[in-house]
Amino acid sequence: MPVMGDDGITVTIANESDIVTARQMGRALSEQVGFQGSDLTIIATAISEIARNIVTYAQRGEIVLRPVTANSRRGVVVVARDDGPGIPDIARAMQDGYSTGKTLGLGLPGARRLMDEFEIQSEVGVGTIVTMRKWLRR
Amino acid sequence: MADLDFSAHRQAVHLTDEDIARHKRFVGLEAADLPRIAAVRPIVMERVDELTTMFFDFLRGLDVATPLFRRGDLLDEAKRMKREHLIAMVGGVYDRAYVELQLELGLLYSKVGLDTRVFPGAFYHLMNTVGAIVMANAGDDPQKAFQNFMAVKKIGFLDIGLMIDIMAAEREQTISIQQEAIRELSTPVLQIRDGLLILPIIGTLDSFRAKQLTDSLLRAIRANRAKMVVMDITGVAAVDSRVANHLIQTVAASRLMGATVIVTGLSGDVAQALVSLGVDLGTLNTVGDLQGGLELAERRLGYRIARQADSSLETA
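All values derive from a computational prediction rather than experimental measurement. (Residues numbered from 1 in each chain as written. Chains lettered and ligands numbered in written order. Predicted model: local features only at pLDDT ≥ 70, side-chain atom pairs only at ≥ 80, totals over all residues. Heavy atoms only, no water.)

**Considering the overall build of chain A**
- In terms of regular secondary structure, chain A is built from four helices and six strands.
- When its helices and strands are written in sequence order, chain A yields β-β-α-α-β-β-α-α-β-β.
- Its C-alpha atoms give chain A a radius of gyration of 14 Å, near enough to 14 Å, the size a compact globule of 138 residues would have.
- With respect to the three principal axes, the spread of C-alpha positions in chain A is 40 × 30 × 25 Å.
- Counting only contacts in chain A whose residues sit at least 6 apart along the sequence, the fraction spanning at least 24 positions is 57%. (Helix = DSSP H or I, 4+ residues; strand = E, 2+ residues; numbered from the N terminus. Rg over C-alpha atoms; globule rule 2.2 N^0.38 Å. Contact = heavy atoms within 4.5 Å.)

Below, the structure written as structure tokens:
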């Protein structure tokens with residue numbers, strides 16, 4: 001169940017139905033922030049991609065969704081955190097079509113293209129943190 | 001329609017030693033409580049029949065409890081088990097066997113359709129009576145008697161905690177069984193003309209459902225000797241790269257079976273997101289809506305659909 005707190009909405013990701021929850025929550029929050037139309041689908045899709053990576057590679061993790069304001073711009077930030085196996089070669093994982101999990105290999109690079117900002121930190125044996133932001137167009 | 005009685009699939013709920021230990025921690029049950037409970041034991045044992053009767057008398061006064069009192073045989077069984085439970089409550093051993101007894105009683109209650117929500121109230125009255133009896137027998141040390149009673153009360157709260165766990169586990173089981181049923185029901189493959197199938201997909205396409213859907217589509221293609229399939233995804237809540245991949249693979253497998261798939265109902269928003277993601281949908285035949293997809297499929301199969309000039313709808 002998603003938990004709402006001062007620092008945003010936290011959705012625990014442990015199976016495929018949690019991906020749907022994270023996606024729906026992200027969409028609802030983005031709508032509150034002021035995003036419309038295809039941007040909502042784009043943010044939801046990006047959340048879906050990184051949530052799916054958690055289920056596929058780390059089995060368990062969480063996604064935190066928060067509204068952000070910086071330099072009078074408004075937007076949403078999505079943080080995906082897991083303590084899974086980590087990614088040995090981030091540069092490669094960010095390439096289109098590279099996958100160790102028999103998928104299209106578009107999750108990380110695709111999510112980066114969908115969002116405005118994308119950061120990834122990963123350490124083998126420790127876990128992975130993906131932070132992505134999308135800003136409202138003025 | 002499938003039989004919607006899930007009781008056959010239901011598995012008995014079991015709590016582990018760890019669950020029990022956790023509940024003991026919640027109520028703060030400790031070794032020092034055991035001699036206190038032991039001190040109350042003879043007082044309760046002496047009146048165990050009286051307390052059992054009282055518990056059921058309280059239930060009898062509630063409308064929601066009438067189902068139990070209509071079943072004489074089960075009522076006697078419930079009374080016997082409740083008596084046993086009361087004895088166990090002051091028995092000093094709270095292990096899995098103790099929980100099993102409660103589970104059995106709970107199973108019996110649910111068999112007669114008794115709402116478990118009435119029990120905290122009934123339980124409260126029971127504990128009140130036990131408290132009154134303990135205090136009446138306090139002699140010259142009421143403080144000690146109170147302490148003893150509070151130790152027994154911890155067992156009461158332990159029971160309620162366990163009951164909540166059991167109810168939650170049962171509820172979750174129901175949900176997962178129903179989810180399964182929904183999955184089964186929601187992937188129909190329909191033949192609408194010779195050689196033409198439609199596959200309306202509604203809801204969330206997870207890996208499990210995608211596989212099931214591919215299986216049933218490939219079976220239907222063979223059984224109906226289908227040449228064209230219209231797959232409508234208007235009702236799919238979310239399309240990401242994994243879902244797109246499932247669709248692409250289903251289409252490729254269908255092609256190997258000799259059928260061409262037309263995908264309809266891809267919304268503009270989803271199309272944009274998929275292009276940004278980098279999904280190559282070039283291998284898919286897409287048509288905007290279901291109607292357009294059906295028309296194209298019919299044309300490909302050589303059907304010509306024409307409206308008759310004297311159609312009654314025309315003049316209506």
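**Brief notes about the overall build of chain B**
- A tally of helices and strands in chain B yields 13 helices and five strands.
- Taking 20 Å as the expected radius of gyration for a compact globule of 316 residues, we find that chain B reaches 32 Å, considerably beyond that expectation.
- Here chain B holds 316 residues, and 41% of them are scored as buried.
- A sequence separation of at least 24 residues applies to 77% of the contacts in chain B between residues at least 6 apart. (Buried < 20%, exposed > 50% of the residue type's maximum accessible area, 1.4 Å probe, protein only.)

**Let's talk about the packing of helix H2 (residues 37-58) of chain A against helix H10 (residues 241-256) of chain B**
- Where H2 of chain A meets H10 of chain B, the closest approach of the two axes is 9 Å, and the angle between their N-to-C directions is 80°. One way to sum up the angle between H2 of chain A and H10 of chain B is to call them roughly perpendicular. Here Glu-49, Arg-52 and Thr-56 of chain A of H2 of chain A lie close against H10 of chain B, whose contacting residues are Ser-241, Arg-242 and Val-243 of chain B.
- Its residues placed into classes, the contact of H2 of chain A with H10 of chain B shows one nonpolar, two polar and three charged. (Axes fitted to C-alpha atoms, helices over the stretch in contact; angles between N-to-C directions. Parallel < 35°, antiparallel > 145°, perpendicular 65-115°, else oblique. Nonpolar A, V, L, I, M, F, W, Y, C, P; charged D, E, K, R; others polar.)

**Focus: the pairing of strand E6 (residues 127-135) of chain A**
Residue and element names in this part refer to chain A.
- With eight of nine residues buried, E6 lies mostly within the body of the structure.
- Pairing between strand E4 (residues 73-82) and E6: eight bridges, direction antiparallel. Looking at E6, one finds that Val-79 is bridged to Thr-131.
- Sheet topology note: the strand E5 (residues 117-123)/E6 ladder contains seven bridges and is antiparallel. (Pairing = 2+ DSSP bridges.)

**Some thoughts on the interface of chain A and chain B**
- Contacts between the two partners involve 20 residues from chain A, matched on the other side by 19 residues from chain B.
- Regarding the contact of chain A and chain B, the summed buried area is about 1,700 Å², with carbon and sulfur atoms giving 54% of it.
- Applying the counting rule to chain A against chain B returns one salt bridge.
- For the salt bridge of Asp-240 of chain B with Arg-52 of chain A, the shortest nitrogen-to-oxygen distance reads 2.9 Å.
- If you list the elements that add at least two residues to the side of chain A that touches chain B, you get helix H1 (16-33), H2 and helix H4 (107-114) of chain A.
- Residue contributions to the side of chain A that touches chain B peak at nine residues, all from H2 of chain A.
- Per-class residue counts for the side of chain A that touches chain B are six nonpolar, eight polar and six charged. (Buried area = accessible area lost by both parts, 1.4 Å probe. Salt bridge = Lys/Arg side-chain N within 4 Å of Asp/Glu carboxyl O.)

**Focus: unusual backbone geometry**
- One non-glycine residue, Ser-72 of chain A, lies in positive phi territory at about 60°.
- Along the chain, Ser-72 of chain A falls in the loop between strand E3 (61-70) and E4.
- When its relative accessible area of 60% is taken as the criterion, Ser-72 of chain A is described as exposed.
- Unlike most non-glycine residues, Arg-225 of chain B shows phi in positive territory, near 50°.
- You can see Arg-225 of chain B is positioned in the loop between helix H9 (207-224) and strand E3 (228-236).

**Comments concerning the nonpolar core**
- In terms of nonpolar packing, the biggest core is built from 64 residues, with Ile-50, Ile-63 and Met-132 of chain A together with Ile-201 of chain B touching the most fellow members.
- When residues of this core are assigned to their parent elements, the largest contribution, 10 residues, is made by H2 of chain A.
- Not counting residues within four places of it along the chain, the set of residues in contact with Ile-63 of chain A comprises Ile-9, Thr-10, Val-11, Ile-13, Ala-22, Ile-47, Ile-50, Ala-51, Ile-54, Val-78, Val-79 and Ala-80 of chain A.
- Grouped together as the second largest cluster of nonpolar side chains are 50 residues, Phe-55, Phe-69, Met-89 and Ala-122 of chain B included. (Core = buried A, V, L, I, M, F, W, Y, C linked by side-chain atoms within 4.5 Å.)

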